[in-house]
Amino acid sequence: MLSIVVLISGSGSNLRALLEACDNPLFPAKILAVGSDKAAAGLSHAEEFGVPAFVVEPELFDSREQWSQVLLRNVQYHNPDLVILAGFMKVLPEGFVSALSPKLINMHPSLLPAFPGAHAVRDALSAGESTTGATVHIVDSGVDTGPVLAQREIAIAPGIAESGLHEQIKTIERSLIVEVVSQIAEGKLNLSERAN
Ligand code: GAR
């Protein structure tokens, strides 16, 4: 059984998809805890499923390094096999990443390497792309640069707004992350091999 800690910053719809999948006794993974950098709305999903949650706010620390070390200690307290950034919107310092990588994966709403960063959906629209998609990748020391584990593409409907497109992407992200977790748990996707 693959054990997971999920980190979020927002509405947590991808977290919820994982909680629902893990609620099925036949699914080969379980969520040990959910963490956030703020009082995110998505923490309510953890509460609903009886999963412990922790919040470590950067504003309470003198530096990003101190903040991330406390966040790391909270994650490591649960001793997970895998940590998933599911809409976690803070860039994590090198020390945090190297302590967990390659067992640290991120979800991103574009077909990386296209449109890294915090405004991927807006950037794809501004660039006039006809397709975009979702990526799950191993986190490395760069921003959205680590080895890609899985991607799914969708067409961009002419005239669609950023929020509508993001909702469409999130729909495919939810099934993609559940699929990736299942593949990791079943040994079909080896993170150490993919990291090299
Ligand atoms: C998802 O689209 C995820 O890919 C994105 O935040 C959203 C979270 O949605 N992550 C990033 O943009 C990271 N750079 P959710 O809170 O509903 O799961």
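Residues numbered from 1 in each chain as written. Predicted model: local features only at pLDDT ≥ 70, side-chain atom pairs only at ≥ 80, totals over all residues. Heavy atoms only, no water.

(A) Here's a closer look at helix 6 (residues 162-185). The end-to-end C-alpha separation of helix 6 is 34 Å, in line with the 34 Å expected for 24 residues at 1.5 Å each. L165, I169, K170, I172, E173, L176, I177, V178, V180, V181, S182 and I184 are the residues of helix 6 that are buried. At the C-terminal side of helix 6, G187 shows a positive phi close to 75°. (Helix = DSSP H or I, 4+ residues; strand = E, 2+ residues; numbered from the N terminus. Expected span 1.5 Å × (residues − 1). Buried < 20%, exposed > 50% of the residue type's maximum accessible area, 1.4 Å probe, protein only.)

(B) Region of interest: the site of the ligand. The environment of the ligand is formed by 14 residues, the closest being S11, G12, S13, H166 and E173. Contact distances for the ligand include 3.5 Å between an oxygen atom and a backbone N or O atom of P109. When isolated, the ligand has an accessible area of 450 Å², and the protein chains bury 92% of it. Taken together, the elements giving at least two residues each to the shell around the ligand come down to helix 1 (13-23), strand 5 (104-108) and helix 6. The leading source of residues in the shell around the ligand is helix 6, at three residues. (Near = heavy atom within 4 Å. Polar contact = N/O pair within 3.5 Å; in protein donor to acceptor, adjacent residues only side chain to side chain. Areas by Shrake-Rupley, 256 points an atom, 1.4 Å probe, with all protein chains shown as cover.)

(C) Broad picture of unusual backbone geometry. The linkage connecting S101 with the following residue, P102, adopts the cis geometry, with an omega of 10°. Counting through the fold element by element, P102 comes out in the loop between helix 4 (94-100) and strand 5. Cis rather than trans, the peptide bond between L112 and P113 has omega equal to 15°. Relative to the helices and strands, P113 is located in the loop between strand 5 and helix 5 (120-126). For F115, which is not glycine, the phi torsion reads 60° and is therefore positive. Topologically, F115 is positioned in the loop between strand 5 and helix 5. We note that D144 has phi near 60°; this positive angle belongs to a residue other than glycine. Its place among the elements puts D144 in the loop between strand 6 (131-138) and strand 7 (148-155). For D144, a relative accessible area of 15% gives the class buried.

Distances and angles like these do not, on their own, reveal function.
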